[in-house]
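Each chain is listed here by its residues.
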Amino acid sequence: MVALDVTDENKAIEISREVFQYVDAIKVGYPLVLSSHLSIVDRIKEITKKEIICDFKLADIPSTNEKIASLTLRYGDGIICHGFLGEDSIRAVQEVAKKYGEKGNYKKVIMVTEMSHRGAIQFIQPVADELAEMAKRLKVDGVVAPSTRPERLKTIKDIVGDIPVLSPGIGAQGGDLNKVLNILDEDDYIIVGRDIYESENPGRRAQYYYHILKDR
Ligand code: 3DU
């Protein structure tokens with residue numbers, strides 16, 4: 001999954017065209033959407049025909065989460081939420097996704113457990129296992145867990161079982177793909193941003209990851 005955190009709409013489209021054949025999904029977040037519009041998701045989808053996940057890390061009370069999710073899922077195939085707000089905040093997003101599902105549009109609700117940066121050790125790591133247990137209980141469609149700490153990735157993966165894991169931290173954040181390859185299954189994703197979109201040739205860089213994952 002490529003993280004398209006560029007702040008120029010044209011650049012985002014250009015990179016999408018270069019990398020789409022090597023990725024399973026595209027993640028957009030605030031950098032791109034705030035510098036353009038949420039409808040950029042439609043444009044990228046039209047070009048790539050790939051799953052687009054909106055990484056808005058929802059972290060609010062249920063009624064606000066619900067509003068944000070309703071607007072976001074008009075465009076994206078999935079949305080990423082924080083888990084530490086508690087069960088009701090996640091359920092509110094799942095309710096929105098369910099309504100879209102009833103109309104035939106499956107939408108994924110993905111929950112952050114532990115983040116990949118150093119600061120995550122301070123507050124979120126101590127409760128991350130509990131967050132993973134909650135994610136499993138709520139049957140979310142995916143959880144985010146760090147490639148920068150393979151042992152934590154493994155623990156969280158063991159807790160969530162068959163829920164797919166999305167793992168950021170490879171490349172620019174120092175995570176080593178070789179150290180997580182034997183932890184991740186076929187349904188899991190690695191998330192790579194800067195190492196692809198800041199490279200001289202994003203297409204070739206995405207292809208590099210594609211081959212490693214495909215040939216393992
Ligand atoms: O470090 P990169 O440039 O490869 O980008 C990683 C992406 O994943 C980026 O969009 C960031 O916001 C997101 N992310 C994390 O890096 C860590 C998390 O725990 C969750 C999401």
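Bear in mind the structure is a predicted one, so any value in this text is a computation, not a measurement. (Residues numbered from 1 in each chain as written. Predicted model: local features only at pLDDT ≥ 70, side-chain atom pairs only at ≥ 80, totals over all residues. Heavy atoms only, no water.)

### What to know about the UniProt feature "domain: Orotidine 5'-phosphate decarboxylase" (unreviewed entry) in the protein
So, point 1. Mapped onto the present numbering, the UniProt feature "domain: Orotidine 5'-phosphate decarboxylase" (unreviewed entry) falls at residues 1-209.
So, point 2. Helix makes up 47% of residues 1-209 and strand makes up 17%, while its end C-alpha atoms are separated by 10 Å. (UniProt positions renumbered as here; feature names shortened; annotations may be inferred. Helix = DSSP H or I, 4+ residues; strand = E, 2+ residues; numbered from the N terminus.)

### With respect to the nonpolar core
So, point 1. In this structure, Ile 26, Val 28, Leu 32, Ile 44, Val 140 and Val 143 are the most contacted members of the largest nonpolar core, which totals 60 residues.
So, point 2. For this core, the element with the most residues is helix H7 (residues 125-138), which contributes six residues.
So, point 3. Listed in part, the 11 residues of the second largest apolar core include Ala 25, Ile 80, Tyr 189 and Ile 191. (Core = buried A, V, L, I, M, F, W, Y, C linked by side-chain atoms within 4.5 Å. Buried < 20%, exposed > 50% of the residue type's maximum accessible area, 1.4 Å probe, protein only.)

### Notes on the sheet that holds strand S5 (residues 108-112)
So, point 1. The eight strands lie next to each other as S1-S2-S3-S4-S5-S6-S7-S8, forming an open sheet whose pairing is parallel. Every other strand in the sheet has two partners, leaving strand S1 (2-3) and strand S8 (189-191) as the edge strands with one partner each.
So, point 2. Pairing analysis gives two bridges linking strand S6 (residues 142-144) to strand S7 (residues 165-168), with the strands arranged parallel. The residue of S7 that forms the bridge with Val 143 is Val 165.
So, point 3. Across the sheet, helix H8 (residues 150-160) lies against S6 and S7, angled at about 165° from S7, the strand it touches most. (Pairing = 2+ DSSP bridges. Contact = heavy atoms within 4.5 Å. Axes fitted to C-alpha atoms, helices over the stretch in contact; angles between N-to-C directions.)

### Description of the packing of aromatic side chains
So, point 1. If you walk through the whole model with that rule in mind, you get three aromatic pairs.
So, point 2. With 5.1 Å between their ring centres and 20° between their planes, Tyr 30 and Phe 56 make a pair best called stacked. Separated by 26 residues along the polypeptide, Tyr 30 in helix H2 (residues 30-35) and Phe 56 in strand S3 (residues 51-58) bring together distant segments of the chain.
So, point 3. With relative accessibility at 39%, the residue Tyr 30 sits in the partly exposed group.
So, point 4. The side chain of Lys 107 reaches across the aromatic face of Tyr 100, ending 5.3 Å from its centre.
So, point 5. Lying across the ring of Tyr 208, Arg 205 places its NZ or CZ 4.3 Å from the centre. (Phe/Tyr/Trp six-rings, centres within 6.5 Å; stacked < 30°, edge-to-face > 60°. Lys NZ or Arg CZ within 6 Å of the ring centre and 35° of its normal.)

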